[in-house]
Amino acid sequence: MTWFGLLETRRVGEPGTFAWRYVREYRTAPLFDRALTFEAEVAASIGSKH
């Protein structure tokens, strides 16, 4: 999703340390909400509810 611009990533930690190379944080980009917006309708159930 980062390739398509839907997620942003950054490396966490101090540059030059072992963990900095591998620990990443991800967050949604503004394009994420525009690309993956949808509406759903729930059909009324027939019969008794459990």
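Because the structure is a prediction, the values reported are computed rather than measured.

Chemist: Could you give me a rundown of the pattern of salt bridges, with the residues and numbers involved?
Modeler: Oppositely charged side chains may form a pair once their charged atoms are brought near each other. Counted according to the given criterion, the structure contains two salt bridges. Close ionic contact of E8 with R27 constitutes a salt bridge, the shortest N to O distance being 2.7 Å. A residue pair is termed long-range when its members are at least 10 positions apart, and E8 in strand β1 (residues 7-11) and R27 in strand β2 (residues 24-28) qualify at 19 residues. Since its relative accessible area comes to 58%, R27 is described here as exposed. Between R10 and E25 there is a salt bridge, and its shortest N-O distance comes to 2.8 Å. Note that R10 is positioned in strand β1 and E25 in strand β2, a separation of 15 residues in sequence. Relative accessible area serves as the criterion here: at 37%, E25 is assigned to the partly exposed category.

Chemist: Residue-level account of a nonpolar patch on the surface, with values.
Modeler: Taken together, the side chains of F18, Y22 and V23 present a nonpolar region at the surface, about 350 Å² in accessible area. With respect to the secondary-structure elements, V23 resides in the loop between β1 and β2.

Chemist: Just give me the short version of the environment of R27, but keep the residues and values in it.
Modeler: A C-alpha to C-alpha distance of 9.7 Å links R27 and T2, two positions 25 residues apart in sequence. When neighbours within four sequence positions are excluded, R27 is seen to be in contact with L6, L7 and E8. A distance of 2.7 Å separates the side chain of R27 from the side chain of E8, its partner in a polar contact.

Procedures and definitions
Residues numbered from 1 in each chain as written. Predicted model: local features only at pLDDT ≥ 70, side-chain atom pairs only at ≥ 80, totals over all residues. Heavy atoms only, no water. Salt bridge = Lys/Arg side-chain N within 4 Å of Asp/Glu carboxyl O. Helix = DSSP H or I, 4+ residues; strand = E, 2+ residues; numbered from the N terminus. Buried < 20%, exposed > 50% of the residue type's maximum accessible area, 1.4 Å probe, protein only. Patch = residues over 30% accessible without salt bridge, like charges linked within 9 Å, V, L, I, M, F, W, Y side chains within 5 Å. Areas by Shrake-Rupley, 256 points an atom, 1.4 Å probe, with all protein chains shown as cover. Contact = heavy atoms within 4.5 Å. Polar contact = N/O pair within 3.5 Å; in protein donor to acceptor, adjacent residues only side chain to side chain.

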